[in-house]
Amino acid sequence: QTLTFEIAPPPDAPAIALPGDRLRAVVGEPFQFTVIATNAPSAFTASDLPEGLEFDSTSGTLAGTPARAGDFVLTFTAANLGGESLPATLTLTI
């Protein structure tokens with residue numbers, strides 16, 4: 001008896017789709033934003049977060065209450081078994 005296995009190739013790496021190049025938030029008011037990516041990402045990263053905001057690496061959600069005003073350039077990536085997305089940046093104006 002012969003067993004045959006078919007191995008599926010990994011999915012393509014994710015691609016992030018941002019809603020533009022700028023988001024706005026208000027000091028002291030709750031804020032939430034979720035990164036959208038193609039190809040079923042299993043993990044996300046975010047860098048240069050402003051004080052008061054946290055990033056959930058599983059859901060891709062940035063949430064919290066901003067503590068100070070300013071312009072913050074955030075960089076996001078998404079990953080799956082196929083690899084990691086190109087970095088995507090946007091400015092968060094608080």
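Scroll up a little and you will see the structure.
All of these numbers come straight from a predicted model, not from anything done at the bench. (Residues numbered from 1 in each chain as written. Predicted model: local features only at pLDDT ≥ 70, side-chain atom pairs only at ≥ 80, totals over all residues. Heavy atoms only, no water.)

K.L.:
I'd love a proper account of the packing of aromatic side chains, names of residues and values included.
P.N.:
Pairs of aromatic rings are described using the distance from one ring centre to the other and the angle between the two planes. One pass over the full model with this rule turns up two aromatic pairs. Their ring planes at 55° and their centres at 6.1 Å tell us that F33 and F76 sit as a pair that is tilted. Placement of the pair is F33 in strand β3 (residues 31–34) and F76 in strand β8 (residues 71–80), with a sequence separation of 43 residues. One exposure class covers both F33 and F76, and it is buried. With a centroid separation of 5.8 Å and an interplanar angle of 45°, the aromatic rings of F55 and F76 are classed as tilted. Taken together, the residues span a long stretch of sequence, with F55 in strand β6 (residues 53–56) and F76 in strand β8 at a distance of 21 residues. (Phe/Tyr/Trp six-rings, centres within 6.5 Å; stacked < 30°, edge-to-face > 60°. Helix = DSSP H or I, 4+ residues; strand = E, 2+ residues; numbered from the N terminus. Buried < 20%, exposed > 50% of the residue type's maximum accessible area, 1.4 Å probe, protein only.)

K.L.:
Requested: an account of the pairing of β8, with residues and values cited.
P.N.:
Along any regular strand, the residues point their side chains to alternate faces of the sheet. The buried count for β8 comes to seven of ten residues, which makes it a mostly enclosed element. Here strand β5 (residues 43–47) runs beside β8; their pairing, made up of five bridges, is antiparallel. Across the sheet, F44 pairs through a bridge with A78, a residue of β8. Pairing analysis gives six bridges linking β8 to strand β10 (residues 88–93), with the strands arranged antiparallel. The partner of V73 across the bridge, within β10, is T91. As defined by bridge partners, β8 adjoins strand β9 (residues 83–84) across two bridges and the pair is classed as antiparallel. Note on β9: the bridge partner recorded for A79 is E84. Joining the antiparallel neighbours β8 and β9 is a turn of two residues. (Pairing = 2+ DSSP bridges.)

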